[in-house]
Amino acid sequence: MSELLKRRAPSAEGAAGFPQVRLRRMRQSATLRSMVRETVLTPSDFVYPLFVTHGQGVRTPILPMPGQFQVSIDNLLKEAAEAQSLGVPAVLLFGVPSDKDDMGTEAYDDHGIIQEATRAIKQAMPEMVVVTDVCLCEYTDHGHCGVLTHDGVVDNDSTLELLARTAVSQARAGADIVAPSAMMDGQIAALRAGLDDAGMPEIPVMAYASKFTSAFYGPFRIAAESTPKSGDRKAYQMDGANGREALRELEQDALEGADVLMVKPALAYLDILSQARARFEHPIAAYNVSGEYSMLKAAAAAGWIDEDAAMLEMLTSIKRAGADIIITYFAKDAARLLRSNG
Ligand SMILES: [Zn+2]
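Residues numbered from 1 in each chain as written. Predicted model: local features only at pLDDT ≥ 70, side-chain atom pairs only at ≥ 80, totals over all residues. Heavy atoms only, no water.

A.B. asks: Explain the coordination of the zinc ion to me, please; I cannot follow it from the model alone.
C.D. replies: In a perfect tetrahedron of four donors around a metal, the angles come out at 109.5 degrees. In a perfect octahedron of six, they are 90 or 180 degrees. Looking at the zinc ion, one finds its protein donor set to be C135 (SG), C137 (SG) and C145 (SG), positioned 2.2 to 2.4 Å from the metal centre. Considered as a linear motif, the donors of the zinc ion on their single chain read C-x1-C-x7-C. Judged on exposure class, the residue C135 and its partner C137 are both buried. (Donors = N, O, S within 2.8 Å, 3.2 Å for Na, K, Ca; no water. Buried < 20%, exposed > 50% of the residue type's maximum accessible area, 1.4 Å probe, protein only.)

Structure below.
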């Protein structure tokens, strides 16, 4: 190598011992930073979860989730319209039924709360994508995600039939995407077969494929009134210590025909999300769960953290890790902020 080339060759050290490689160069101004930004959030990344209940004029605050409410259908329409006006394309509906029983009957009742809410939204705003939660835990008096055997164990295979009935009933009411969250083995295949047999092969299934048992669901259970009366969900939701098993769950749901694969929760499982992104070509969804929302809200209310900045940092990390779709209670707040920043 000539002396000239040697002097020009990149090295860690430049003239007089200073670095030639200076990563700070491209961080000098807001404009430069915006040109090299790798991950950009937009309101169309978000799905807004909502809790809908019977009645008229209901808007009951969910205490551990400031800014979130149990709403009746009239107020649900206002929430959905506001989300839509902010550029959020989809809502995810959870039902709070009038009655619960051991079979979770209202889940698959054609006039259940989710079915009525779905019809109302699709009629008022046909463009809004309605995703419906497919599970029994909000509807069973025991609070488990499936029906129980005499021994009190969740009966996987008889639950599958009820989950498929629920999905078909929701799709008939106008749901655009059904999202099974019960963590039963074979639930994606059961829903796919149910929808296809009912003449709805076009309805996509968003699979809660790797759903971990998590303390971060605590506030949700208050919101959806779905805390199990006895025991816990560790016999069907995944052990948070198991990354390889999560990939098997994702693989299995992909094989059964899932159209979107979800990782839940998001923040404590960003490694799983990143591995899912690397391994599958499917759209990947992540659920920024209630506890993640509540922690930030509580810290912000105490004046301990900058809520807006922390919220965007959190959501950006979920997208950077590999999520195409982010289900988040921050959907409206984040969309509003992104629009005012943009
Ligand atoms: Zn459930």
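On we go from here.
A.B. asks: How do you make sense of the pattern of salt bridges when you look at a structure like this?
C.D. replies: Should their charged atoms come close, side chains of opposite charge can pair. All told, the structure shown has 14 salt bridges when counted by the stated rule. The salt bridge involving D45 is made with K319; its shortest N-O contact spans 3.0 Å. Taken together, the positions of D45 in the loop between α2 (30-35) and β1 (46-53) and K319 in helix α11 (residues 307-321) put the pair 274 residues apart, joining distant regions of the chain. Judged by its relative accessible area of 23%, K319 falls in the partly exposed class. With a shortest N-O distance of 2.8 Å, R277 and D324 are connected by a salt bridge. Of this pair, R277 sits in helix α9 (residues 270-279) while D324 sits in the loop between α11 and β10 (325-328), and the two are 47 residues apart along the sequence. One salt-bridge network, held together by shared partners, links R59, E79, E82, K297, E307, K332, D333 and R336. (Salt bridge = Lys/Arg side-chain N within 4 Å of Asp/Glu carboxyl O. Helix = DSSP H or I, 4+ residues; strand = E, 2+ residues; numbered from the N terminus.)

A.B. asks: When you look at the packing of helix α4 (residues 113-124) against helix α5 (residues 156-172) in this model, what are you seeing that I'm missing?
C.D. replies: A packed helix pair is summarised by two numbers, namely the angle formed by the two axes and the spacing between the axes. Where α4 contacts α5, the axes come no closer than 8 Å and their chain directions differ by 25°. The orientation of α4 with respect to α5, classified from their angle, is roughly parallel. The chirality of how α4 crosses α5 is right-handed. Of α5, the residues touching α4 (which contributes I114, Q115 and T118) are T166, S169 and Q170. Tallied by class, residues from the contact of α4 with α5 come to 1 nonpolar, 5 polar and no charged. (Axes fitted to C-alpha atoms, helices over the stretch in contact; angles between N-to-C directions. Parallel < 35°, antiparallel > 145°, perpendicular 65-115°, else oblique. Left-handed = near helix turned anticlockwise from the far one by under 90°. Contact = heavy atoms within 4.5 Å. Nonpolar A, V, L, I, M, F, W, Y, C, P; charged D, E, K, R; others polar.)

A.B. asks: Which parts of the structure should I look at to understand unusual backbone geometry?
C.D. replies: Glycine aside, a negative phi is what most residues show, and trans is what most peptide bonds show. The omega torsion across K264 and P265 is -10°, close enough to zero to call that bond cis. With respect to the helices and strands, P265 occurs in the loop between β8 (260-264) and α9. Although it is not a glycine, M183 adopts a positive phi angle of roughly 60°.

A.B. asks: When you look at the pairing of strand β7 (residues 206-211) in this model, what are you seeing that I'm missing?
C.D. replies: Every other side chain in a regular strand lies on the same face of the sheet, so the side chains alternate between the two faces. Of all 6 residues in β7, 6 are buried, a share of seventy percent or more. Summarising the sheet, β7 and β8 pair through 4 bridges and their orientation is parallel. When the bridges of β8 are listed, K211 appears paired with K264. (Pairing = 2+ DSSP bridges.)

A.B. asks: Before we go on, may I ask you to explain the packing of helix α3 (residues 73-85) against helix α12 (residues 331-341) in this structure?
C.D. replies: Where α3 contacts α12, the two axes come as close as 9 Å, and the packing angle between them is 30°. What the angle tells us is that α3 and α12 run roughly parallel. Pair α3 / α12 crosses with left-handed handedness. Residues E79, E82, A83 and S85 of α3 form the contact with α12, whose own contacting residues are K332, R336 and R339. Of the residues belonging to the contact of α3 with α12, the class tally is 1 nonpolar, 1 polar and 5 charged.

A.B. asks: Please explain a positive patch on the surface as it appears in this structure.
C.D. replies: There is a patch of like positive charges on the surface, built from R22, R24, R25 and R27. You can see R24 is positioned in the loop between α1 (3-8) and α2. By relative accessible area, which is 67% here, R24 ends up exposed. (Patch = residues over 30% accessible without salt bridge, like charges linked within 9 Å, V, L, I, M, F, W, Y side chains within 5 Å. Areas by Shrake-Rupley, 256 points an atom, 1.4 Å probe, with all protein chains shown as cover. Lys, Arg positive; Asp, Glu negative; His and termini not counted. Charge placed at Lys NZ, Arg CZ, Asp CG, Glu CD.)

A.B. asks: Would you take a moment to explain the side chain of K211 for this structure?
C.D. replies: Looking at the secondary structure, you find K211 in strand β7. Among buried Asp, Glu, Lys and Arg side chains, K211 stands out as unpaired, with D133 the closest opposite charge at 6.2 Å.

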